[in-house]
Amino acid sequence: SDAASDAGDVIYAQARWLIWGLIGVALVVVAACAWGLGSMIRVPLQRLLKQAEMVADGNLGASMNMNHYNHDEIGDLARSFQRMQQNLRQLVQEVSTAVEQVSSAAEEVSSISAQSAQGQQRQQGEIGYLATAMNEMSSTVNEVARNTTQAASAARKASEEAELGGEIVRST
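Procedures and definitions
- Every chain begins its residue count from 1, and numbering advances along the sequence as written.
- Local features are withheld for residues below a pLDDT of 70 in this predicted model, meaning they are given only at 70 or higher, and side-chain atom pairs are given and counted only at 80 or more; totals for whole chains, interfaces and linings count all residues.
- Side-chain metrics in this entry use all non-hydrogen atoms of the structure; hydrogen atoms and water are not considered.
- For helices, the axis comes from a line fit to the C-alpha atoms of the stretch in contact; other axes are also lines fit to C-alpha atoms, and the angle between any two N-to-C directions lies between 0 and 180 degrees.
- By definition, any uninterrupted DSSP run of H or I lasting at least four residues is a helix, any uninterrupted run of E lasting at least two residues is a strand, and each is numbered from the N terminus.
- Roughly parallel covers angles under 35 degrees, roughly antiparallel covers those over 145, roughly perpendicular covers 65 to 115, and oblique covers all other angles.
- Should any heavy atoms of two residues lie within 4.5 Å, those residues are counted as being in contact.
- Polarity classes work like this: nonpolar for Ala, Val, Leu, Ile, Met, Phe, Trp, Tyr, Cys and Pro, charged for Asp, Glu, Lys and Arg, and polar for all others, with Gly in that last group.
- For salt bridges, the criterion is a side-chain nitrogen of Lys or Arg within 4 Å of an Asp or Glu carboxyl oxygen.
- Between buried and exposed lies partly exposed: a residue is buried under 20% and exposed over 50% of the maximum accessible area for its type, with that area taken using a 1.4 Å probe on protein chains only.
- The residues that make up patches have over 30% relative accessible area and no salt bridge, and they are joined within 9 Å when like-charged or within 5 Å when they are Val, Leu, Ile, Met, Phe, Trp or Tyr.
- Computed by Shrake-Rupley with a 1.4 Å probe, the accessible areas treat only the displayed protein chains as cover when residues are assessed.
- The span one expects for a helix is its residue count, reduced by one, times 1.5 Å.
- Definition of a polar contact: a pair of N or O atoms within 3.5 Å, with one able to donate and the other able to accept a hydrogen when the atoms are protein atoms, and with sequence-neighbouring residues admitted only if both atoms are side-chain atoms.
- As used in this record, nonpolar core signifies buried Ala, Val, Leu, Ile, Met, Phe, Trp, Tyr and Cys residues forming a set joined through side-chain atoms within 4.5 Å.
- We place a 1 Å grid over just the protein atoms. Points where a 1.4 Å probe fits but has no way out form a cavity, open points with protein on both sides within 12 Å along at least 5 of 7 lines form a pocket, and any residue with an atom within 4 Å of a point lines it.
- Grid points are joined across faces, edges and corners, and a volume is the space filled by probe spheres set on the points.

Caption draft 1: Local environment of the packing of helix α1 (residues 2-56) against helix α2 (residues 73-171). In the contact formed by α1 and α2, the axes pass within 10 Å of each other and the chain directions differ by 10°. In terms of axis orientation, α1 runs roughly parallel to α2. Packed against α1, whose contacting residues are Ile41, Pro44, Leu45, Leu48, Gln51, Ala52 and Val55, the element α2 presents Ile74, Leu77, Ala78, Phe81, Gln85 and Leu88 at the interface. For the contact of α1 with α2, the class distribution of residues is 11 nonpolar, 2 polar and no charged.

Caption draft 2: Focus on the pattern of salt bridges. Counted under the stated rule, the structure contains 1 salt bridge. Across the salt bridge formed by Arg79 and Asp76, the nearest N and O atoms sit 3.0 Å from each other. With Arg79 and Asp76 both in helix α2, this residue pair falls 3 residues apart, about one helical turn. A relative accessible area of 22% means that Arg79 is categorised as partly exposed.

Caption draft 3: Spotlight on a nonpolar patch on the surface. The grouping of Trp17, Ile19, Trp20, Ile23 and Leu27 at the surface amounts to a nonpolar patch, some 630 Å² of accessible area in total. Its place among the elements puts Leu27 in helix α1.

Caption draft 4: Structural context of α1. Between the first and last C-alpha of α1 there are 78 Å, a value that for 55 residues agrees with the 81 Å anticipated at 1.5 Å per step. Residues of α1 that are buried include every one of Ser39, Pro44, Leu48, Gln51 and Val55, and no others. Looking one or two residues beyond α1, the residue adopting positive phi is Gly58, at roughly 100°.

Caption draft 5: Expanded view of the side chain of Gln51. Inspection of the secondary structure assignment puts Gln51 in helix α1. A polar atom in the side chain of Gln51 sits 2.9 Å from the side chain of Gln85. Residue contacts for Gln51: discarding those within four places in its chain leaves Ala62, Ser63, Met64, Phe81 and Gln85.

Caption draft 6: Quick look at the nonpolar core. With 9 residues, the main nonpolar core is built from Leu48, Val55, Leu60, Met64, Met66, Tyr69, Ile74, Ala78 and Phe81. The leading source of residues in this core is α2, at 3 residues. Not counting residues up to four positions away in its chain, the partners in contact with Leu60 are Val55, Gln85, Leu88, Arg89 and Val92.

Caption draft 7: Structural detail: empty space enclosed by the protein. Going through the model one piece at a time under the given rule, you end up with 1 cavity of 30 Å³ or more. A volume near 40 Å³ is recorded for the largest cavity. Every residue lining the largest cavity is listed: Met40, Pro44, His68, Tyr69, Asn70, Asp72, Ile74 and Gly75. At the level of elements, α1 and α2 are the ones that each hand at least two residues to the lining of the largest cavity. The class makeup of the residues in the lining of the largest cavity is 4 nonpolar, 3 polar and 1 charged.

Spelled out as structure tokens, the structure:
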């Protein structure tokens, strides 16, 4: 019975070492799996973070290599980020084009405004010349009317004197 007890103790000790060994191996396997899973998550997230930093710095043209991403949630996030980046780039291009068009239209309006101001100044000058000419014509008309009145008076007076002279000649 002592031999059986000793044999049982030996088997128990071996089993205990075997269990501790299996626990140790299991811990190593679990640690390796945890490290591998961590890398599978950490590496794509670091790449995505680097891309986000480039976009935040204004580099909307930086391309993403989608081969680095699996078809999982992180890959879906990366594809969505890539679409967002492309949409932002397109939006910036459209805004830039619109700004150029507005700038061009503003220059055209400014040019038209300058031409209009020049035309208005020219018209004001011509109106001034026209007013001066009208005043001169009015003065000339008044002078002609005065001269005509004087000529009519002189003609009447000459006619009266001629009649008077005709009567004197007839009476003699």
